[in-house]
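In case you want the letters, here they are:
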Amino acid sequence: MNNKEIILAKIAEILSRTGFLVKGNSEFKARLKCVGLGEYFDKYSDYLIPYYYNNGYSHKFQNANDEYDVFLGMDCIFSDLYRENKNEEIISLLKELTKSFNVYYISESLIDDFNELANLYELLGLSISLDSDKVTVSTCMESNEQRIVELFSVENWLKQNHKDVYDAYESAIDAYTQGHAGACIESCRTCLVSIFSKYKGTEGFAKWMRGIYNTSGDNTISSAQDLSQALNTDLRKDDLADFFYENRAGKLTKTKAIYMIYSMMSDYGTHRNESTNENPTLEDALFSLRLMDSILFWVYSRKK
């Protein structure tokens, strides 16, 4: 299974916990039909309808459906959508499902479960928050839903072409979901070094930084000596800010920006317990994961 499949399975498991969702025969049918996925309700309705009815002499009797299984139903639907590359539909369904959250009960008894779910939604680029009477859901970055969908393609590309990079990426996500911020950032650093090591060239002396230089296109306007000068002499913190606001040709700006990200991941991850002790938070870990996602998609778009 890919990381995104595992995340979706974990989401399905939390949704299946007692009391998390409103329970009613029409609930899943409404959610699925509202995002154009009614055929999946028809396919898995046995798992998604909690009650069946039979007629007595004077009234109908409601009986528990023994096949009702929220995890099995949702996991099957997520798996089908994933296999069919319906990534936009997955995101739409995740957002729609929040309308069935049992807000009052979650607030009273399942707040830790909700926070666990919120972390998983974050990994898929969605932000959910719990208000007094509703759940608010949005993409983490405005007008960037397409980027969320692209993450699914990047993961498949990594698994098929760069297994060691995929393993490091998987470790970063596992560490984040378990609440281990430093270990997550350390695995992001390993992922960063590993992906650019694929493109460093054949010279025996070449290091992973050469892979950034080659991938970014800086090698078309600068020499290897310029690379050494940029990393060993010219690198300043304001270069990173320059990269995000202005792309100045001839300065190896992209190469230096990614090297600065590597340095941050080293300080907060691999070397966090050395002479200058750093205490990374889960927010720092999520920031590193999002940076890693963006870098991986950038490499994917240039090298696929």
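Residues numbered from 1 in each chain as written. Predicted model: local features only at pLDDT ≥ 70, side-chain atom pairs only at ≥ 80, totals over all residues. Heavy atoms only, no water.

(A) Geometry of the overall build of the chain. Helix and strand content of the chain: 15 helices and four strands. A total of 304 residues make up the chain; the buried ones form 45% of that total. Long-range contacts, defined as pairs at least 24 residues apart, comprise 65% of the intrachain contacts of the chain with a sequence gap of at least 6. Approximately 15,400 Å² of the chain is accessible, and the part contributed by carbon and sulfur atoms is 46%. (Helix = DSSP H or I, 4+ residues; strand = E, 2+ residues; numbered from the N terminus. Buried < 20%, exposed > 50% of the residue type's maximum accessible area, 1.4 Å probe, protein only. Contact = heavy atoms within 4.5 Å. Areas by Shrake-Rupley, 256 points an atom, 1.4 Å probe, with all protein chains shown as cover.)

(B) Geometry of helix α1 (residues 3–15). With 13 residues, α1 should cover 18 Å at 1.5 Å per step; its first-to-last C-alpha distance of 18 Å lies within 8% of that length. Of all 13 residues making up α1, ten are buried, and the element is well covered by its neighbours. Within α1, the full set of buried residues consists of Asn3, Lys4, Glu5, Ile7, Leu8, Ala9, Ile11, Ala12, Ile14 and Leu15. (Expected span 1.5 Å × (residues − 1).)

(C) A look at the packing of aromatic side chains. This model, assessed by the stated rule, comprises six aromatic pairs. With a centroid separation of 5.2 Å and 75 degrees between ring planes, the pair formed by Phe20 and Phe101 is classed as edge-to-face. Residue Phe20 is located in the loop between α1 and α2 (27–34), and its partner Phe101 is located in the loop between α5 (87–97) and α6 (103–109); the two are separated by 81 residues in the primary sequence. Judged by its relative accessible area of 4%, Phe101 falls in the buried class. When the ring of Tyr259 is compared with that of Tyr262, the centres are 5.6 Å apart and the planes differ by 35 degrees; the resulting orientation is tilted. Of the two residues, Tyr259 and Tyr262 both sit in helix α14 (residues 253–270), three residues apart, roughly one turn of that helix. These aromatic residues form a ring-pair network of at least three members: Trp157, Phe297 and Tyr300. (Phe/Tyr/Trp six-rings, centres within 6.5 Å; stacked < 30°, edge-to-face > 60°.)

(D) Summary view of the packing of α1 against helix α7 (residues 111–123). Remark: α1 packs on α7, axes separated minimally by 10 Å, with the N-to-C direction vectors making an angle of 155 degrees. Classified by the angle between their axes, α1 and α7 sit roughly antiparallel to one another. Viewed along their axes, α1 and α7 form a crossing whose handedness is left-handed. Where α1 abuts α7, its residues Lys4, Ile7, Lys10, Ile11, Ile14 and Leu15 lie against Asp113, Glu116, Leu117, Leu120, Tyr121 and Leu123. Looking at the contact of α1 with α7, its residues break down into eight nonpolar, no polar and four charged. (Axes fitted to C-alpha atoms, helices over the stretch in contact; angles between N-to-C directions. Parallel < 35°, antiparallel > 145°, perpendicular 65-115°, else oblique. Left-handed = near helix turned anticlockwise from the far one by under 90°. Nonpolar A, V, L, I, M, F, W, Y, C, P; charged D, E, K, R; others polar.)

(E) Looking closely at the packing of helix α4 (residues 70–83) against α5. Packing of α4 against α5 brings their axes to within 9 Å, and their N-to-C directions diverge by 155 degrees. When the axes of α4 and α5 are compared, the pair comes out roughly antiparallel. Within the contact between the two elements, α4 uses Met74, Ile77, Phe78, Leu81 and Tyr82 and α5 uses Glu89, Ile90, Leu93, Leu94 and Leu97. Looking at the contact of α4 with α5, its residues break down into nine nonpolar, no polar and one charged.

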